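Fold and contact review
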Amino acid sequence: MNTFKSTLLLTALTLLLVFLGDRLGGRNGMALALILSVALNFSSYFFSDKIALSIYGAQPVTRDQLPRVYSVVERLTAKQGLPMPKIYVIPNESPNAFATGRNPQHASVAVTQGILRLLDDEELEGVLAHELGHVKNRDILTSSIAATVAGAITMLARMEYFAALFGGRSSRDRGAAGGIFMLILAPIAASLIQLAISRSREYEADATGAHATGNPYALARALQKLDDYSRRIPMQASPASAHLFIVAPLLGGGGFGNLFSTHPPIKLRIQRLIGRDHV
């Protein structure tokens, strides 16, 4: 199913780019859009994880630099028969984490500095088990491609702006054109993410992680802490990639940000883990 979703996303990106290329530039624009779509499809499959990591300034760390995380991940991957993923740290004090990659053999797990300071060892293990749950359930390719595709679609509004700029339109006309394109394209991007990224994936990763650790209460405590502290120290995230994180970060893009919400309420996630909505 995740392979089908990934193929659908890449196909949708190709068709949309070709259509818009034709609308903006006729046959030449359509040919250019086709070339662009091939390049984007290639980069989405092979480099979407690196794109997501670079957006948030994630830095790779070694076992010597972060033994606390490595020891937990090594134990969990050995228990579940998964390859060891690459470990990254995001220089941000807002507590959060995400997993990305095209398959378990090419997976990466990123944690923020804030989550390392906030959680105790049991809670951190619960979060890392959740992220490895995404790897085990093979959510990561679809999530990474969805981020790239949605980002590419929303950037098309900028293409119209620059087309208007070099076409000699006034700044008022350029702003109006960009606004109209964003009004059309942002919901399309959001719809693609909503179709590809079901809210059930977070419940499934929670369940997989809790089963791996045998301690659902630790993950429930972690989710409650993350929900509280991420509101106090919000992490500004692109709507196109916000679905990657374990708890929803602050979405940019004004009112359009709400269109991209893919996280179920934390209280419902906690209730599924321990039978009540708070620890």
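So, a few notes on the structure that sits alongside this text.

**Observations concerning helix 7 (residues 200-213)**
Look at helix 7: 20 Å from first C-alpha to last across 14 residues, which is about the 20 Å you get at 1.5 Å a residue. Extensive coverage of helix 7 is indicated by the burial of 10 of its 14 residues. Along helix 7, the positions that sit buried rather than exposed are Arg-201, Glu-202, Tyr-203, Ala-205, Asp-206, Thr-208, Gly-209, Ala-210, Ala-212 and Thr-213. Backbone geometry just after helix 7 places Gly-214 at a positive phi near 70 degrees.

**Some remarks on the pairing of strand 3 (residues 97-101)**
Counting buried positions along strand 3 yields 5 of 5 residues, so the element is predominantly enclosed. One ladder, built from 5 bridges, connects strand 3 with strand 4 (residues 107-112); its direction is antiparallel. Looking at strand 4, one finds that Ala-97 is bridged to Val-111. Counted along the chain from strand 3 to the antiparallel partner strand 4, the turn is 5 residues long.

**A closer look at the pattern of salt bridges**
In total, this model carries 12 salt bridges according to the counting rule given. Measuring nitrogen to oxygen at the nearest pair gives 3.0 Å for the salt bridge that ties Arg-63 to Glu-74. You can see Arg-63 sitting in the loop between strand 1 (59-60) and helix 2 (67-80) and its partner Glu-74 sitting in helix 2, a full 11 residues away along the chain. Note that Arg-269 and Glu-202 form a salt bridge whose closest N and O atoms lie 3.5 Å from each other. Here Arg-269 is found in helix 9 (residues 266-274), whereas its partner Glu-202 is found in helix 7, with 67 residues between them in sequence. The same class applies to Arg-269 and to Glu-202, which are both buried. Each of the salt bridges in this network shares a partner with another, and the network as a whole consists of Asp-120, Glu-122, Glu-123, Arg-221 and Lys-225.

**Observations regarding the packing of aromatic side chains**
Under the defined criterion, the tally for this structure stands at 3 aromatic pairs. Three or more aromatic residues joined by ring pairs form one cluster here, namely Tyr-56, Phe-98 and Phe-245. A cation over an aromatic ring shows up here: Arg-232 above the ring of Tyr-229, its NZ or CZ 4.5 Å from the ring centre. A cation over a ring is seen here: Arg-272 above Tyr-203, with NZ or CZ 3.7 Å from the ring centre.

**Quick notes on the environment of Arg-232**
Inspection of the secondary structure puts Arg-232 in helix 8 (residues 216-232). Counting along the chain gives 138 residues from Arg-232 to Ser-94, while the straight-line C-alpha distance between them is 8.3 Å.

Rules behind the numbers
Residues numbered from 1 in each chain as written. Predicted model: local features only at pLDDT ≥ 70, side-chain atom pairs only at ≥ 80, totals over all residues. Heavy atoms only, no water. Helix = DSSP H or I, 4+ residues; strand = E, 2+ residues; numbered from the N terminus. Expected span 1.5 Å × (residues − 1). Buried < 20%, exposed > 50% of the residue type's maximum accessible area, 1.4 Å probe, protein only. Pairing = 2+ DSSP bridges. Salt bridge = Lys/Arg side-chain N within 4 Å of Asp/Glu carboxyl O. Phe/Tyr/Trp six-rings, centres within 6.5 Å; stacked < 30°, edge-to-face > 60°. Lys NZ or Arg CZ within 6 Å of the ring centre and 35° of its normal.

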